[in-house]
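One-letter residues, chain by chain:
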Amino acid sequence: EAQVTQNPRYLITVTGKKLTVTCSQNMNHEYMSWYRQDPGLGLRQIYYSMNVEVTDKGDVPEGYKVSRKEKRNFPLILESPSPNQTSLYFCASSLKSTRVHEQYFGPGTRLTVT
Amino acid sequence: KNEVEQSPQNLTAQEGEFITINCSYSVGISALHWLQQHPGGGIVSLFMLSSGKKKHGRLIATINIQEKHSSLHITASHPRDSAVYICAVRSSQGAQKLVFGQGTRLTINP
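Please read all numbers here as calculations on a predicted model, not as lab measurements.

### Observations regarding the interface of chain A and chain B
Part 1 of the reasoning: Counting residues at the interface gives 22 residues for chain A and 17 residues for chain B.
Part 2 of the reasoning: Regarding the contact of chain A and chain B, the summed buried area is about 1600 Å², with carbon and sulfur atoms giving 56% of it.
Part 3 of the reasoning: Taken as a group, A:Leu43, A:Val100 and A:Phe105 account for 34% of the area that chain A buries against chain B, more than any other trio of residues on that side.
Part 4 of the reasoning: Here chain A and chain B share one residue pair in polar contact (both at pLDDT 80 or more) between them.
Part 5 of the reasoning: Listed by contribution, the elements that provide at least two residues to the side of chain A that touches chain B are strand 4 (31-38), strand 5 (42-51) and strand 9 (87-94) of chain A.
Part 6 of the reasoning: For the side of chain A that touches chain B, the element with the most residues is strand 5 of chain A, which contributes four residues.

Structure, rendered in structure tokens:
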């Protein structure tokens, strides 16, 4: 089944404890992206990747890192999480980076930083 | 002012009613997406369009590029249509970034 998977789905952690949210897609998509969703602010892009080893900042990249070593995986890294990173996170992918294609979203990861 | 504005923010209707959700944007775009987010949180892509009209079952999406406006219509609405509907645009500037509207929370009562 074609899908985008994220792990974990729910995470409660403490300030400063490094964490990684994994994202994987099985559709051989070039483009992958991370978004966060907050009440009243909607969805905002954190980072995106046009292909392997090609990543760039979105609108709200502060406090996050990403890597794209393989085409299928695009992990989101919080080196030192803070309470303002408490949010619902979505990974998404689409077929080509240079053309407009439908985006497929993962199920979301609800992160709470205390 | 947000680049993408949706109206209404909240909409409650009775089962069977015809529903319209509007999306206006202020930038040049290469495509517009309509997304559906159910209470469980998952996001599903409903439509991607750059001109004209698309139909899928009871859902219809239209876009007017000159007026920078899109509408999502639901015919014969059903309680299972209750969800948040999100409009997102892809800039024509070449970036792959999606800019999202705030979403419209739709509740269909039986």
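Back to the write-up after that little detour.
### Considerations on the nonpolar core
Residue and element names in this part refer to chain B.
Part 1 of the reasoning: In terms of nonpolar packing, the biggest core is built from 23 residues, with Leu32 and Trp34 touching the most fellow members.
Part 2 of the reasoning: For this core, the secondary-structure elements that each account for two or more residues are strand 3 (19-25), strand 4 (29-37), strand 5 (43-49), strand 7 (59-64), strand 8 (69-74), strand 9 (83-91) and strand 11 (104-109).
Part 3 of the reasoning: Setting aside its immediate chain neighbours within four residues, Leu32 contacts Cys23, Tyr25, Phe47, Met48, Leu49, Ile63, Ser70, Cys87, Ala88 and Val89.

Conventions adopted
- Residues numbered from 1 in each chain as written.
- Chains lettered and ligands numbered in written order.
- Predicted model: local features only at pLDDT ≥ 70, side-chain atom pairs only at ≥ 80, totals over all residues.
- Heavy atoms only, no water.
- Contact = heavy atoms within 4.5 Å.
- Buried area = accessible area lost by both parts, 1.4 Å probe.
- Polar contact = N/O pair within 3.5 Å; in protein donor to acceptor, adjacent residues only side chain to side chain.
- Helix = DSSP H or I, 4+ residues; strand = E, 2+ residues; numbered from the N terminus.
- Core = buried A, V, L, I, M, F, W, Y, C linked by side-chain atoms within 4.5 Å.
- Buried < 20%, exposed > 50% of the residue type's maximum accessible area, 1.4 Å probe, protein only.

Interpretation in functional terms is not warranted from these geometric data alone.
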